[in-house]
Amino acid sequence: KLQNAHIKEDGVCLVSNMSSGIEEALKSARYNEAVVVSVDEDDTRDLVLVATLDEENGGITWKDVLAEGKPSSDGGDRDDSADIALQRHLRTKRWFLPMLNDDLRNELYDKAIAKAARKAATNVVNAKRNTLQVLDIGTGTGLLAMLAAKHCRAALDELPNGSDVKIRVTSIEMASAMARLGRLTIAENGRLEDIITVMDGHSSDPNFDLKNEVDLCTSELLESGLMGEGVVPA
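(A) Inspection of the overall build of the protein at higher detail. On a plain count of helices and strands, the protein comes out with 6 helices and 7 strands. Helices and strands in the protein line up, N terminus first, as α-β-β-β-α-α-α-β-α-β-α-β-β. Within the protein, buried positions represent 39% of all 234 residues. Long-range pairs, those at least 24 residues apart, make up 57% of the contacts in the protein with a sequence separation of at least 6.

Right under this line is the structure:
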């Protein structure tokens, strides 16, 4: 039973009508895009349809990559490394690899976030608030979100009554495959899932509502070649 949907810029689609909605989405999706089908509320996951070569009959067939994942090594749930949509996204979006391996760049972000975190922590404690709110725009692998969580915690713990303040990091990522990668990375880096929430979407979307003002905002808007990502028009 399928319901509710629209096509987003990165090819993600939530389908409202099984007969017409899916057909329209599959026709409009490009080769490197996934079509995500939202099922009824009783199910526990979406269907992620990705175009693959039909080796038996030729042409293209659409497969639900989340259903076809390999079992994990401990015999439990599927291994997320088998997410074909994610693998395809990483193969076509290789620009982020040199950025992640740029030690100087990351060190400078680390220092800047640490400085901003100390100021944000001081403001929150002085205002006697119980939560420090962080917004990470374009979270990607979640690196800046994790740095913000780390430095905010350290800064709060240095202040009187700061250890009682909670941290909430809201991360938003418009590429659904990259958002999944961010969640996986955060989960692998030690008890941060309760602090950092990765959302699919665009920060300028009018439907994106933080509900609370933020004390610190992090964002990585300069690509490896410096002049990309709309920097010149901006």
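Next comes the rest of the account.
(B) How the structure looks around the pairing of strand β5 (residues 166-173). Among the 8 residues of β5, 6 are classified as buried, and the element is accordingly described as predominantly covered. For strand β4 (residues 131-137) and β5, the ladder comprises 7 bridges, and the chain directions are parallel. When the bridges of β5 are listed, Ile137 appears paired with Ile172. Relative to strand β6 (residues 196-200), β5 runs parallel, the two being bridged by 5 bridges.

(C) How the structure looks around unusual backbone geometry. At Lys128, a residue that is not glycine, the phi angle is positive and equals roughly 55°. Along the chain, Lys128 falls in the loop between α4 (103-126) and β4. We note that Lys211 has phi near 75°; this positive angle belongs to a residue other than glycine. In this fold, Lys211 is placed in the loop between β6 and β7 (216-219). Judged by relative accessible area, which is 73%, Lys211 ranks as exposed.

(D) Up close: the environment of Thr170. With respect to the element layout, Thr170 can be found in strand β5. Distance in space between the C-alpha atoms of Thr170 and Thr139 is 9.3 Å, their sequence separation being 31 residues. When neighbours within four sequence positions are excluded, Thr170 is seen to be in contact with Val134, Leu135, Asp136, Thr197, Met199 and Leu210.

(E) Seen up close, the sheet that holds β7. If you trace the 4 strands from one edge of the open sheet to the other, you get β6-β5-β4-β7, paired in parallel fashion. Looking at strand neighbours, the two that pair on one side only are β6 and β7, the edges of this open sheet. Here the average twist between neighbouring strands, direction ignored, is 20°. Alignment of β4 against β7, held across 4 bridges, turns out to be parallel. Of the residues in β7, the one forming a bridge with Ile137 is Ser219. Those strands touched by α4 are β4 and β7, and its axis lies near 165° from that of β7. Taken strand by strand, helix α5 (residues 143-157) contacts β4, β5, β6 and β7, and its axis lies near 165° from that of β5.

(F) Local environment of the environment of Asn212. Following the sequence through the fold, Asn212 ends up in the loop between β6 and β7. Asn212 sits 78 residues away from Val134 along the chain, and the two C-alpha atoms are 9.9 Å apart.

The rules behind each value
- Residues numbered from 1 in each chain as written.
- Predicted model: local features only at pLDDT ≥ 70, side-chain atom pairs only at ≥ 80, totals over all residues.
- Heavy atoms only, no water.
- Helix = DSSP H or I, 4+ residues; strand = E, 2+ residues; numbered from the N terminus.
- Buried < 20%, exposed > 50% of the residue type's maximum accessible area, 1.4 Å probe, protein only.
- Contact = heavy atoms within 4.5 Å.
- Pairing = 2+ DSSP bridges.
- Axes fitted to C-alpha atoms, helices over the stretch in contact; angles between N-to-C directions.

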